[in-house]
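Report on the structure
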Amino acid sequence: MPYFNAATFRFLRDLAANNNRAWFAANKPRYEDVLRGPFLRLIADLQAPLAKISTHYRADPRPQGGSLFRIHRDTRFASDKTPYKTWAGARFAHERRREIEAPSFYLHVQPRDCFAGGGIWHPGSPTLKKIREFLADNPAAWKKATRGKAFRDRFEFRGEALTRPPRGFDPGHELIADLKRRNFAAVQGIPEALACSDELRPFVVDTFRRIAPMIDYLCAAVELEF
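Residues numbered from 1 in each chain as written. Predicted model: local features only at pLDDT ≥ 70, side-chain atom pairs only at ≥ 80, totals over all residues. Heavy atoms only, no water.

Digging into the pairing of strand β2 (residues 104–109)
Just so we agree on the cut-off: Any residue under 20% of the maximum accessible area for its type is buried, any over 50% is exposed, and the rest in between are partly exposed; the area is computed with a 1.4 Å probe on protein chains only. Here a strand is any run of E in DSSP of at least two residues, a helix any run of H or I of at least four, and the numbering for each starts at the N terminus. Each pair of strands is called paired provided DSSP finds at least two bridges between the two strands.
With six of six residues buried, β2 is to be regarded as a mostly interior element. The side-chain alternation of β2 yields two buried faces, one formed by Ser104, Tyr106 and His108 and the other by Phe105, Leu107 and Val109. Both strand β1 (residues 88–92) and β2 contribute to a ladder of five bridges, which runs antiparallel. Bridging across to β2, Ala88 finds its partner in Val109. Bridging between β2 and strand β3 (residues 114–120) involves five bridges; their strand directions are antiparallel.

Structure representation (structure tokens):
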């Protein structure tokens, strides 16, 4: 049985057009029925297959404090004061994420921009430096994880990068393009029709399995088990 359907994406489009507390309060049953509830069910159904990929990663279906991001935006320091996210996302985190800044698997549902993948997004300066140093010292394993045809055919890296080589790194290094990255996250797009089909769960599992070597590499870079 599919988790999402046309009503899911209709709700998100309607929310984007009516991003205010009064509208959301009146339409909260829709949110629960077509988005939050199905997403929590999908997270629960990903627990067993994710454990086969890595016993150190968690698919946590708890309504609060689990894998699913809250729909409410943190507007304290944002110029955009709209109160709700117009997308839904789930982070499948490492069991030690509260101790160490860790890479994650990720699933994102949004009109015209659904995707699955993983990596580490906006790492702090100490973590970023550690990853870059590991890349500089271990290029072969990174190339094996991210330069093969199976990876290149399915994934694209997202996020900003430096225009110049980071300080202290060789501008002629064979991985200089990767060393310039400020994020190490790659994603596979999901067509809306697939997101609304019963093929979504196996597709996400396969995506996580294919990106696992990159997650494994990033775990090694920050001295985490995979």
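There is more to say, and it comes next.
Details of the packing of aromatic side chains
Convention followed: Put simply, two rings from Phe, Tyr or Trp (the six-membered ring, in Trp's case) pair if the centres are within 6.5 Å, and we call them stacked under 30 degrees between planes, edge-to-face over 60, tilted for the rest. By definition here, charges over rings are those cases where NZ of Lys or CZ of Arg is within 6 Å of the ring centre and within 35 degrees of the ring normal.
By the definition in use, this model includes 18 aromatic pairs. Seen from their ring centres, Tyr57 and Phe226 are 5.9 Å apart, and the 55 degrees between their planes marks the pair as tilted. In this pair, Tyr57 is assigned in the loop between α3 (47–53) and β1 and Phe226 in the segment after α9 (200–221), connecting sequence segments 169 residues apart. On the basis of relative accessible area, Tyr57 is assigned to the buried category, the value being 2%. Using a relative accessible area of 23% as the deciding quantity, one classes Phe226 as partly exposed. Positioned over the ring face of Phe203 is Arg154, at 5.2 Å from the centre of the ring. Sitting over the ring of Phe157, Arg181 keeps its end group 4.0 Å from the ring centre.

Some details on helix α2 (residues 21–45)
Where we set the bar: To estimate the expected span of a helix, subtract one from its residue number and multiply by 1.5 Å. Axes are fitted to the seven residues ending at a residue and to the seven starting at it; the angle between these axes is taken as the bend at that residue. Note on contacts: a residue pair qualifies if any of its non-hydrogen atoms lie within 4.5 Å across the two residues. Polar contact is the term for a pair of N or O atoms within 3.5 Å; when the atoms are in protein, one must be able to donate a hydrogen and the other to accept it, and sequence-neighboring residues count only if both atoms are side-chain atoms.
Taking 1.5 Å of rise per residue, the 25 residues of α2 would be expected to cover 36 Å, yet its terminal C-alpha atoms sit only 31 Å apart, more than 12% below that figure. Along its length, α2 shows its largest kink, about 60 degrees, at Asn27, and proline Pro29 lies within four residues downstream of that point. For α2, the complete set of buried residues consists of Trp23, Phe24, Asn27, Tyr31, Val34, Leu35, Arg36, Pro38, Phe39, Leu40, Leu42 and Ile43. The inward-facing, buried residues of α2 abut α1 (6–17), α3, β1, β2 and α9. Where α2 starts, the residue carrying a side-chain oxygen 3.2 Å from the main-chain nitrogen of Ala22 turns out to be Asn20.

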